[in-house]
Structures are given as C-alpha cells and as structure tokens.
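Breakdown of the fold
Chain by chain, the residues:
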Amino acid sequence: MLSAESASVVRATLPAVAGALDEITSRFYGTMFHDRPELLDGLFNRGNQASGAQRRALAGSIAAFAGALLDHPDTRPDALLERIAHKHVSVGVTDDQYTIVHKYLFAAIADVLGDAVTAEVAAAWDEVYWLMAGALIGQEARLYHEAGLRPGVIWRQWKVVERRTETPDVVSFVIRPADGAPAPRARAGQYVGVRLLMADGMHQVRQYSLSSAPGGELRRITVKRVAGTDGAPDGEVSNLLFDDVCRGDELTLSSPAGDVVLDDTDGAAPLVLVSAGIGCTPLTGMLAHLAAEESARPVLVLHADRSPAEHALRAETRELVERLPDARAVFWYERPGPEEPAARSGLMDLTGLELPAGAAVFLCGALPFMRGVRTQLLAAGVPARRIRYEVFGPDLWLADATG
Ligand SMILES: Cc1cc2nc3c(=O)[nH]c(=O)nc-3n(C[C@H](O)[C@H](O)[C@H](O)COP(=O)(O)OP(=O)(O)OC[C@H]3O[C@@H](n4cnc5c(N)ncnc54)[C@H](O)[C@@H]3O)c2cc1C
Ligand code: HEM
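Since the structure is predicted, the reported quantities are computational estimates derived from the model, not experimental observations.

Concerning the site of ligand 1
Residues in contact with ligand 1 amount to 26 residues; listed here are only the nearest, Arg 206, Gln 207, Tyr 208, Pro 233 and Ser 238. The backbone of Lys 224 places a nitrogen or oxygen atom 2.8 Å from an oxygen atom of ligand 1. Here Thr 281 contributes a side-chain N or O atom positioned 2.8 Å from an oxygen atom of ligand 1. For ligand 1, whose accessible area on its own is 980 Å², the fraction buried by protein is 81%. Listed by contribution, the elements that provide at least two residues to the shell around ligand 1 are α2 (46-51), β4 (203-209), β5 (219-224) and α7 (236-244). Broken down by element, the residue count for the shell around ligand 1 peaks at four residues, all from β4.

In structure tokens, the structure reads:
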C-alpha cells in the first residue's frame with residue numbers, strides 16, 4: 001500500500017511530524033478558514049474549533065493512520081476511518097473538498113517544519129494523505145449511495161410533532177419528515193446532524209443520536225443544554241434548541257449516520273449497554289429497537305447519573321427493560337433518591353456485577369467515564385474487540401480504541 005521508499009521516510013519523520021501536529025493542525029485550520037470562511041458556515045463546528053477538540057482529533061487520526069501503515073505497509077487501515085467517514089457524511093463533505101484540505105494542510109506542514117520538509121519528505125506524506133483521503137472518499141461514496149443521497153446533498157426539513165421536557169436540562173423532540181414522505185432508513189445507535197441558523201447569520205451543525213427505535217415514520221432526538229464552565233460560553237446549538245424550538249417548528253436534519261450500531265453485533269449475543277448522563281440516548285434507541293423486535297437477547301443496562309431527577313429517559317428505560325423477557329437494569333446515582341430505591345450510590349462500579357458471558361458492550365458518556373468503565377470491563381475479562389463506544393464530540397480516543 002505505502003511504497004517502500006515512502007515508508008522509510010515516514011518512519012524517519014513520524015516523530016517530528018507527530019510532535020508538531022498540534023501546531024500544524026492549528027495553523028492549517030487558521031489559514032483555511034481565513035481564506036475559505038464559508039467552511040465555517042454550516043460545515044465545521046466552531047465550538048470544536050474554539051476548544052481545540054477538532055484539531056486534536058485530526059492530528060490523532062493522522063498519527064494513528066500513519067502508525068498503522070508503518071506496522072502493516074501492505075494493508076490500508078480503513079477500519080480506523082469508519083467513524084470519520086460517517087461524521088463527514090453527516091455534515092455533507094464532498095470529494096472535491098479533499099484538494100482544499102490538502103492544500104492548506106501541506107502548506108501548514110511546510111510552514112511549521114521548515115527546511116526539514118524536503119521534496120522527498122513532502123512526497124512521502126503526500127502518499128499518506130492521499131491513501132487516507134482515498135479511503136475516506138470511497139467509504140463516503142458508499143454511504144451516500146446506500147442512503148440514496150447525492151454526495152453533499154443531505155439536508156431535509158422535519159416537523160416537530162411533540163416537544164417533551166425530560167429533566168430540567170433535557171428536552172426531547174419527536175419529529176417526522178415535513179413533506180410527509182417516508183423517513184430515511186436508520187440503524188439503532190445512529191445519529192443525525194441538526195443544522196441551525198445562529199444569531200450572527202452563520203449556520204452550525206451538531207449531531208444528536210436517535211433516542212427512539214429507528215422504524216416507523218417518527219424519530220426522536222433528546223438534547224441536553226450545555227452550560228459553559230470556567231468562563232466558556234454556553235453551548236450554542238443545544239441552548240437554541242432548548243430555548244426556542246417548539247411543537248410545529250421545522251428542523252433541518254441530515255440523513256442518519258454513525259458506525260456504532262446494534263445490528264453489527266451477532267444477533268444472539270447478550271448485550272451490555274453502559275451509559276452516563278446524556279450518553280443514554282443512543283442506547284435507549286437500541287433498547288427501544290430490541291423491544292420493538294420482541295428480542296429475547298439477554299440485555300444488561302447500566303447507567304450512572306447525578307440523581308434520578310437528572311436521569312433523562314429513566315422511566316422509559318425501566319419500561320423498555322420490563323418489556324424485554326431477559327433484560328435488567330442497574331443504576332448508580334451520586335445523589336440517590338426515592339424514585340429509584342434499588343439504585344446504587346456513587347459512581348459506576350462493576351465490582352461483583354455478573355456480566356453475561358460473550359456479551360457485546362456499547363459505551364456512551366463522557367470520555368473519562370468511558371475510559372474508566374472500559375478498564376473495569378477489561379479487568380473483568382471482556383475482550384477489547386467486544387467493546388464499542390460512541391463519543392459525543394470529536395473522537396479523542398481513536399489511537400487507544402484499536403487495542
Ligand atoms: C455522534 C454524536 C451524538 C451525539 N448525541 C447527542 C445526544 O443525543 N444528545 C445531546 O444532548 N448531545 C449529543 N451530542 C452532542 C451534541 O452534538 C453537541 O456537541 C452538544 O449539544 C453541544 O453543542 P452546542 O452547540 O450546544 O455547544 P458548543 O457551542 O459546540 O460548545 C461545546 C463546548 O465547547 C465550549 N466552547 C464553546 N466555545 C468556546 C470558546 N470560545 N472557548 C472555550 N470553550 C468553548 C462550550 O462551553 C461547550 O462546553 C452528540 C454528539 C455526537 C458527536
Ligand atoms: C484525509 C483528510 C481528512 C482527515 C484525516 C479528516 C479527519 C477528520 C476527523 C478525525 C474528524 C473528527 C471525527 C470525529 O468526530 O471523531 C473529522 C471531522 C470533520 N471533518 Fe474531516 N478529515 C479529512 C478531510 C476533510 C475534508 C476534505 C473536509 C471538508 C472540507 C472535512 C470536514 C470535516 C468536518 C466538517 C468535520 C466535523 C467537524 C466537527 O464536528 O468539529 N474533513 N475529520
């Protein structure tokens with residue numbers, strides 16, 4: 001895959017490039033948005049730009065891909081890119097845009113590394129970039145095709161048929177296509193992009209997991225409003241949805257995307273669905289799907305939250321678990337309450353909990369929570385390959401996740 005000459009140059013320069021990736025990606029986005037400000041209007045997430053999360057995710061993905069190519073020069077590590085391809089499709093990335101990214105990324109590499117970027121070094125990294133881009137373009141073309149979409153033409157109007165307050169900070173929107181045509185096919189665990197016009201005239205896109213079963217004409221998203229901490233501003237899209245969107249309003253949504261899906265697992269294998277906070281949404285969608293299918297799979301639902309009152313979709317989770325013949329739930333609360341007398345107190349702790357043998361595990365919650373639970377699961381003998389996770393932001397865990 002990677003030519004022998006390029007492999008030796010990439011091997012020799014990977015430490016220098018990896019060490020400078022933060023500066024390179026920071027300069028890359030800076031110059032690209034300076035020259036192409038339209039890319040911040042309805043494509044890139046400016047919250048992730050401000051926090052630096054997108055820059056770190058891009059750097060991590062390049063380092064992981066290059067490292068995997070060096071370990072196995074004959075194989076293109078496409079599996080590493082699946083999540084990115086789904087995210088790209090959920091925001092409408094098109095293949096012509098790879099030339100734009102290439103131009104600014106390679107100018108940034110040359111600026112940051114200076115004379116170290118000889119023609120030979122540039123050519124070797126060019127090969128890595130186009131291997132990565134080629135894999136992404138191929139995967140994205142397939143995803144657009146499977147969804148019956150023209151590349152980049154992804155937005156559709158949906159009507160809010162119900163708005164439901166779940167907790168003081170979480171609201172659900174039940175939606176259907178505004179034109180009355182069938183809802184696009186979705187898989188349990190997937191998310192949609194929601195595109196809103198902000199007060200300054202720019203559009204912003206955020207992803208929200210489908211918290212309902214993926215069949216039928218109705219879909220549901222469940223949104224937690226994000227408060228700014230340590231002087232950072234409040235989250236702009238979640239608060240706009242929370243404050244302004246009512247029954248009867250229209251929302252602009254992209255087609256369902258996401259590679260952390262229930263139907264990728266062996267249909268008979270037991271399931272363990274582990275979440276914290278608003279991370280319950282994709283897992284509730286999976287649970288609702290299992291209930292709709294009258295599944296007999298053993299299911300263990302584990303959820304941690306601050307208190308029962310702040311646990312979104314709590315009653316529904318209980319009800320879905322009741323409907324399934326072989327499911328049970330265990331909840332942990334930092335501040336337990338009378339609504340859940342059997343719940344455990346404190347943070348999630350799997351000690352002494354019997355996990356079904358051979359289970360497929362889905363994790364969703366903040367990164368520190370997922371890292372902690374994954375460590376506990378590995379210690380309990382669950383193989384890493386059976387643990388799938390969804391991150392509610394740019395994936396800063398990519399390099400780890402292949403282990
Ligand atoms: C696959 C996926 C599924 C998801 N599913 C759900 C779901 O089901 N439900 C749900 O509620 N959310 C979900 N999310 C999260 C959601 O997409 C948004 O990230 C979330 O709603 C916050 O968006 P926002 O626009 O409100 O915040 P943003 O404006 O994007 O801000 C995000 C964070 O960045 C900080 N920030 C913003 N600007 C700055 C700055 N200038 N300096 C420093 N910090 C700054 C903010 O304080 C905030 O903490 C999901 C995300 C992904 C990727
Ligand atoms: C080889 C080239 C590319 C690589 C390696 C790459 C890598 C990534 C990564 C790692 C993410 C974060 C995924 C996640 O959520 O975990 C991402 C998201 C994204 N990418 Fe790319 N990308 C590439 C090309 C492009 C191109 C050509 C465009 C279009 C101009 C683009 C636009 C985006 C957007 C808009 C997001 C979402 C940003 C956000 O939500 O903050 N990418 N990409």
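Examining the pairing of strand β1 (residues 156-167)
Both β1 and strand β6 (residues 250-253) contribute to a ladder of four bridges, which runs antiparallel. Bridge pairing links Arg 156 to Leu 253 in β6. The sheet contact formed by β1 and strand β2 (residues 170-177) spans eight bridges and is antiparallel. The residue of β2 that forms the bridge with Arg 163 is Phe 173. Taking the residues between adjacent antiparallel strands as the criterion, β1 and β2 are bridged by two residues.

Side note on the nonpolar core
With 51 residues, the main nonpolar core has Phe 28, Met 32, Phe 44, Leu 105, Trp 125 and Val 128 as its most contacted residues. Looking at this core, the elements that each hand over two or more residues are α1 (4-35), α3 (53-71), α4 (82-91), α5 (97-113) and α6 (119-146). Residues contacting Met 32, with those up to four places away along its chain left out, are Leu 39, Phe 44, Ile 100, Val 101 and Tyr 104. Among the nonpolar cores identified, the runner-up in size contains 25 residues, and Leu 273, Ala 288, Ala 329 and Phe 331 belong to it.

Considerations on the site of ligand 2
Not every one of the 24 residues close to ligand 2 is listed here, only the nearest: Asn 48, Arg 83, Lys 87, His 88 and Asp 395. Within the side chain of Gln 54, one N or O atom sits 3.4 Å away from an oxygen atom of ligand 2. Arg 83 has a polar side-chain atom sitting 2.8 Å from an oxygen atom of ligand 2. Counting residues per element, the ones that place at least two in the shell around ligand 2 are α3, α4, α5 and α6. The element that contributes the greatest number of residues to the shell around ligand 2 is α4, accounting for five residues. Class assignment of the residues belonging to the shell around ligand 2 gives a composition of 14 nonpolar, seven polar and three charged. The two domains that each donate at least three residues to the shell around ligand 2 are domain 1 (4-146) and domain 3 (262-401).

Quick look at the environment of Leu 81
Summarising the element assignment, Leu 81 is placed in the loop between α3 and α4. Residue Leu 81 is classed as buried on the basis of its relative accessible area of 0%. When residues no more than four places from it in sequence are discounted, the contact partners of Leu 81 are Phe 65, Met 132, Ala 135, Leu 136 and Gln 139.

Brief notes about α6
In an α-helix there are 3.6 residues to a turn, and that puts residues three or four apart on one side. Taking 1.5 Å per residue as the helical rise, α6 with its 28 residues ought to reach 40 Å, and the 40 Å between its terminal C-alpha atoms agrees with that figure. Taken from the residues just after α6, Gly 148 is the one with a positive phi, measuring 70 degrees.

Describing the coordination of the iron atom of ligand 2
For the iron atom of ligand 2, the protein contributes exactly one donor atom, His 88 (NE2), at 2.1 Å. With respect to the helices and strands, the residue His 88 is situated in helix α4.

Definitions and cut-offs
Residues numbered from 1 in each chain as written. Chains lettered and ligands numbered in written order. Predicted model: local features only at pLDDT ≥ 70, side-chain atom pairs only at ≥ 80, totals over all residues. Heavy atoms only, no water. Near = heavy atom within 4 Å. Polar contact = N/O pair within 3.5 Å; in protein donor to acceptor, adjacent residues only side chain to side chain. Areas by Shrake-Rupley, 256 points an atom, 1.4 Å probe, with all protein chains shown as cover. Helix = DSSP H or I, 4+ residues; strand = E, 2+ residues; numbered from the N terminus. Pairing = 2+ DSSP bridges. Core = buried A, V, L, I, M, F, W, Y, C linked by side-chain atoms within 4.5 Å. Buried < 20%, exposed > 50% of the residue type's maximum accessible area, 1.4 Å probe, protein only. Contact = heavy atoms within 4.5 Å. Nonpolar A, V, L, I, M, F, W, Y, C, P; charged D, E, K, R; others polar. Domains from an automatic or database assignment. Expected span 1.5 Å × (residues − 1). Donors = N, O, S within 2.8 Å, 3.2 Å for Na, K, Ca; no water.

Honestly, it's all geometry; don't read function into it.
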